[in-house]
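Fold and contact review
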Amino acid sequence: MEEKEISQAVISRLPRYFRYLGELKDEGVERISSQELSELMKVTASQIRQDFNNFGGFGQQGYGYNVEYLYKEIGKILGLDEKHNFIIIGAGNLGQALGNYLNFERRGFIFRGMFDKNPALVGKDVRGVKVMPMEEMERFVKENDIDIAVLTIPKSGAEEVAERLVANGIRAIWNFAHVDLNVPEGIQVENVHLSDSLMKLSYNIGCYKREKDKA
Ligand code: NAI
């Protein structure tokens, strides 16, 4: 497939396509038109066609899209045909919840290690992974081909930990700490703030109430 620059807006829609196509595949659906996919996903058919055109289209006139093929191709674009080893820094509530989530493995993200500065947590078993002390983090990252680190620590320590991770070969950080990390070019950071979704909900509840009050 020809490689070209794809906008982040398109990339951010791909996981959703991937999820829907995975479900269709599991239900035994072999092909689907952009119109049908559009109704299912509540996005316009032209948006779907435009998005898929970024990768050469995938579709055939009068046939629609081959679900399995499209699922695999989008998976490849997202790099899900490769395995990614990840570690979690911060073995508290959030870190443990993520470590216990099995579905990451299904997508090729392999939970390899967990670290915490609290000695009371060292040795704790989280789905077969023992929490290790922070002093072991650098060596572990280098020896175990780890490319993603999940940061579930408070913002006060996040910058220093991120620097240590990057210096030892981490290429991507899934950052739950409430701070914008300064990382060198080429290091990928994905910030997750769950409360952003809640605030959107809160806004939309407010809108709905205001509309109802007007009526
Ligand atoms: P928690 O207090 O249960 O766990 C934090 C863990 O990090 C503790 O075990 C602590 O010992 C460890 N830790 C603290 N500083 C460290 C450092 N410098 N190096 C290594 N380990 C360190 O907290 P919880 O609920 O798991 O949340 C973790 C962090 O994530 C909090 O700072 C919270 O604000 C943030 N958070 C972010 C969310 C988001 O959507 N972005 C959602 C929930 C929490």
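Under an unreviewed UniProt entry, the name given to the chain is Redox-sensing transcriptional repressor Rex, and the organism recorded is Candidatus Acetatifactor stercoripullorum. Word for word, the UniProt comment on the chain under Function (unreviewed entry) is "Modulates transcription in response to changes in cellular NADH/NAD(+) redox state." Listed under Sequence similarities (unreviewed entry) in UniProt, the entry text for the chain is "Belongs to the transcriptional regulatory Rex family."

Some thoughts on the overall build of the chain
Check the secondary structure of the chain and you find nine helices and nine strands. Its C-alpha atoms give the chain principal-axis dimensions of roughly 60 × 50 × 35 Å. Roughly 13,500 Å² of accessible area belongs to the chain as shown, and the carbon and sulfur atoms make up 50% of that amount. The positive charge centre, built from 28 side chains, and the negative charge centre, built from 32, are 6 Å apart in the chain.

Re unusual backbone geometry
The phi dihedral of lysine 42 is positive, around 60°, even though this residue is not glycine. Positive phi values are uncommon outside glycine, yet aspartate 145 reaches one of about 50°. Considering the arrangement of structural elements, one finds aspartate 145 in the loop between α7 (137–143) and β7 (148–151). We classify aspartate 145 as exposed; its relative accessible area is 61%.

Digging into the UniProt feature "DNA-binding region" (unreviewed entry) in the chain
UniProt feature "DNA-binding region" (unreviewed entry): in the numbering of this structure it lies at residues 16–55. Along residues 16–55 one finds 70% helix and 5% strand; the C-alpha atoms at either end are 16 Å apart.

Thoughts on the site of the ligand
The full set close to the ligand counts 18 residues, and Leu94, Asp116, Phe176, Val192 and Leu194 are the nearest of them. At 2.6 Å, a side-chain N or O of aspartate 116 approaches an oxygen atom of the ligand. Contact between the ligand and phenylalanine 176: a nitrogen atom at 2.8 Å from a main-chain N or O atom of the residue. When the ligand is considered free in solution it has 850 Å² of accessible area, and contact with the protein chains removes 74% of it. Split into classes, the residues belonging to the shell around the ligand amount to eight nonpolar, eight polar and two charged.

A short note on the pattern of salt bridges
A full pass over the atoms with the stated rule returns 11 salt bridges. Arginine 13 is the partner of aspartate 51 in a salt bridge, and the nearest nitrogen-oxygen pair spans 2.8 Å. Pair noted here: aspartate 51 is in helix α3 (residues 45–53) and arginine 13 is in helix α1 (residues 8–26), with a separation of 38 residues, a long-range link. A residue is classified by how much of its surface remains accessible, and aspartate 51, at 2% relative accessible area, is buried. For glutamate 160, the salt bridge identified is with arginine 164, shortest N-O distance 3.3 Å. Separated by four residues within a single helix, glutamate 160 and arginine 164 lie in helix α8 (residues 155–167), roughly one turn from each other. Given a relative accessible area of 46%, glutamate 160 falls into the partly exposed group. Sharing partners across several salt bridges, the network here consists of Glu136, Arg139 and Glu143.

Some points on the UniProt feature "binding site: NAD(+)" (unreviewed entry) in the chain
Feature annotation in UniProt places "binding site: NAD(+)" (unreviewed entry) on Gly90, Ala91, Gly92, Asn93, Leu94 and Gly95, given in this structure's numbering. Residue position: glycine 90 is located in the loop between β3 (84–89) and α5 (93–99). For glycine 90, a relative accessible area of 3% puts it in the buried group. With residues up to four places along the chain from it excluded, the contact list for glycine 90 reads Gly95, Met114, Phe115, Asp116, Thr152 and Ile153. When residues no more than four places from it in sequence are discounted, the contact partners of alanine 91 are Gln96, Met114, Phe115, Asp116, Leu121 and Val131.

A short note on the side chain of serine 38
Along the chain, serine 38 falls in helix α2 (residues 34–41). Overall, the relative accessible area of 10% leaves serine 38 in the buried class. Once you skip the residues sitting within four places of it in the chain, serine 38 turns out to touch Val43, Thr44, Ala45 and Ile48.

What counts and what doesn't
Residues numbered from 1 in each chain as written. Predicted model: local features only at pLDDT ≥ 70, side-chain atom pairs only at ≥ 80, totals over all residues. Heavy atoms only, no water. UniProt positions renumbered as here; feature names shortened; annotations may be inferred. Helix = DSSP H or I, 4+ residues; strand = E, 2+ residues; numbered from the N terminus. Areas by Shrake-Rupley, 256 points an atom, 1.4 Å probe, with all protein chains shown as cover. Lys, Arg positive; Asp, Glu negative; His and termini not counted. Charge placed at Lys NZ, Arg CZ, Asp CG, Glu CD. Buried < 20%, exposed > 50% of the residue type's maximum accessible area, 1.4 Å probe, protein only. Near = heavy atom within 4 Å. Polar contact = N/O pair within 3.5 Å; in protein donor to acceptor, adjacent residues only side chain to side chain. Nonpolar A, V, L, I, M, F, W, Y, C, P; charged D, E, K, R; others polar. Salt bridge = Lys/Arg side-chain N within 4 Å of Asp/Glu carboxyl O. Contact = heavy atoms within 4.5 Å.

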